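Architecture at a glance
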Amino acid sequence: MPLALLALAVGAFGIGTTEFVMMGLLPDVAADLGISIPSAGHLVSAYALGVVIGAPLLAALTARMPRRRVLIGLMVLFVVGNAVSAAAPGEHSLLLARFVSGLPHGAFFGVGAVVATSLVAPERKARSVSLMFLGLTVANVIGVPVATAMGQHLGWRATFLAVSAIGLVAIATLALLVPADHGHGELVGVRGELRALKSLPVWLALGTTVAGFGALFAAYSYITPMLTDAAGYATGSVTLLLALFGVGATVGNLLGGRLADHRLRGTLFGGLASLVVVLALFPVLMRAQWSAAVAVLLLGMAAFVTGSPLQLMVMEKAAAAPSLASSANQAAFNLANAGGAFIGGLALSAGLGVTSPAPAGAILAVLGLGVAGVALLVDRRRVASGGVVAAGSGGRVVAGQVLEDAAPAER
């Protein structure tokens, strides 16, 4: 694997840290700015809104630019957003800074995934994407706990200055390690990228992402009360358990990347099915502390096994112009975050019990399996109606869309 993937992982580490650290710093930020914790919670929403808007917008606007330059520019915007967050004098300025910090998130992962796959042989594409995502999962194991502790001892502003420093390191590694001759593909422009989004298979892949990761966030958004009220953990133990989730996510991400290079759809279906099982068993596993810890580990593994396959599938379905579709998939991840948390909250509000968000997530995972199944049927129908194998492409192409990059028996 090329060293350029390390540069992408460093950027992903910084982005993952700034995305999730705000959850642990909400009390400190609220106390310092003199606002309520619910009001401080809007800072999380502002970042997510920046991701949803920035992912497709920045990917489209930079469609004709060399991708290495795009990645460096996105990290510059990331550094600026976090530096301004550290200096924000009040709630409204911090909201704006968090929104700006979120803008490059989706586009970085989207364009980065395209660059990562262009640097390796076709049989290593999923692994290259998983190595980039490794920075995001490791951020949950190391970056977020360390940054949270830093914020609690040195002040929350120091945390965002530290994240800005990580961004500067990412800029340097991108400039040094991402080769210019592999930093861009065919420059199709905004119209070409938009045309890629007209494909039904692209939207089915995005729908699978929303449903599949919505299942994760339906449960994970309420993991703390599950662990304290159902499993009986002390509040101080939750941070370590969340790090355990990060370990599971890291293992699942690496496993999913390796398996998807052999059987893309098999890995996707297997990951979603395992997520259904884990979430359905959550109410039982939360009855004891040891089994609750196992449940948190398995949740991270089951969810992130599907990360690389989903990203790669979206890129394959928009093979002629993958940057926008790949970035749109990151927006889909954040829509899953918001939608999953909302559905999990509905289960709690209905009085179904503190562990009820997990079975609600299992239903979403079943929905994700259904959407993935429809996508498979659509692909088979397109192949049966006249799909051909493009010479030198390594995959089936129907109406300009790559359906498979390996033999059907392997998928």
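Remember, it's a predicted structure, so these values are computed and weren't measured experimentally.

Considering the overall build of the protein
If you tally the helices and strands in the protein, you get 16 helices and three strands. By the burial criterion, 56% of the 411 residues in the protein qualify as buried. In the protein, the proportion of contacts linking residues at least 24 apart, taken out of those at least 6 apart, comes to 82%. Entry remark: accessible area of the protein is about 15900 Å², with carbon and sulfur atoms responsible for 70%.

Focus on the nonpolar core
Counting residues in each nonpolar core, the largest one holds 55 residues, and the members touching the most others are Leu216, Phe282 and Met286. Top contributing element to this core by residue count: helix α9 (residues 200-220), with 10 residues. When sequence neighbours within four positions are dropped, the list of residues in contact with Phe282 reads Ile223, Met226, Ala295, Leu299 and Ala358. Core analysis: the next-biggest nonpolar cluster, separate from the first, contains 39 residues, Leu103, Phe108, Val144 and Ile171 among them.

Topic: a nonpolar patch on the surface
Together, Leu49, Ile53, Leu57 and Leu61 line one region of the surface with nonpolar side chains, adding up to about 370 Å² of accessible area. Locating Leu49 in the fold gives a position in helix α3 (residues 42-61).

Section: the packing of aromatic side chains
Taken as a whole and assessed by the stated rule, the structure comprises seven aromatic pairs. With centroids separated by 6.1 Å and ring planes inclined at 85 degrees, the aromatic side chains of Phe108 and Phe109 adopt a geometry described as edge-to-face. The exposure classification of Phe108 matches that of Phe109, with both residues buried. Centre to centre, the rings of Phe213 and Phe304 are 5.7 Å apart; their planes meet at 85 degrees, and the pair counts as edge-to-face. In this pair, Phe213 sits in helix α9 while Phe304 sits in helix α13 (residues 289-304), placing the two residues 91 residues apart along the sequence. Phe304 carries the same exposure label as Phe213, and that label is buried. The structure contains a cluster of three or more aromatic residues connected by ring pairs, namely Phe213, Tyr220, Phe245, Phe304 and Phe333.

Topic: the environment of Ala325
Counting through the fold element by element, Ala325 comes out in helix α15 (residues 322-349). Judged by relative accessible area, Ala325 falls into the buried class, the value being 0%. On a C-alpha basis, the gap between Ala325 and Ala59 in space is 8.7 Å, while along the polypeptide they are 266 residues apart.

Quick notes on the environment of Leu71
Of note, Leu71 is situated in helix α4 (residues 67-87). For the pair Leu71 and Gly11, spaced 60 residues apart in sequence, the C-alpha to C-alpha distance is 9.1 Å. Those residues within four positions of Leu71 in sequence are excluded, and the remaining contacts are Leu8, Phe108, Val111, Gly112, Val115 and Leu174.

What counts and what doesn't
Residue numbers restart at each chain and count upward from 1, following the sequence in its written direction. In keeping with the model being predicted, local features are shown solely for residues with a pLDDT of at least 70 and side-chain atom pairs are shown and tallied solely at 80 or more, while totals for entire chains, interfaces and linings include all residues. With hydrogens and water stripped out, all remaining heavy atoms of the structure feed into the side-chain values. The helix and strand labels rest on DSSP assignments: H or I over at least four residues marks a helix, E over at least two residues marks a strand, and numbering proceeds from the N terminus. A simple rule labels every residue: compare its accessible area, found with a 1.4 Å probe on the protein chains alone, to the largest value its type can have, and call it buried under 20%, exposed over 50%, or partly exposed in between. Two residues form a contact once any of their heavy atoms are found within 4.5 Å. Note on areas: Shrake-Rupley with a 1.4 Å probe; residue coverage comes only from the protein chains shown. Note on terminology: a nonpolar core comprises buried Ala, Val, Leu, Ile, Met, Phe, Trp, Tyr and Cys residues joined through side-chain atoms within 4.5 Å. Surface patches are drawn from residues lacking salt bridges whose relative accessible area is over 30%; two like charges belong together within 9 Å, two nonpolar side chains (Val, Leu, Ile, Met, Phe, Trp, Tyr) within 5 Å. When a carboxyl oxygen of Asp or Glu lies within 4 Å of a side-chain nitrogen of Lys or Arg, that pair is called a salt bridge. In summary, the pairing rule links any two rings of Phe, Tyr or Trp, Trp by its six-membered ring, whose centres are within 6.5 Å, and it sorts them by plane angle into stacked for under 30 degrees, edge-to-face for over 60 and tilted for everything else.

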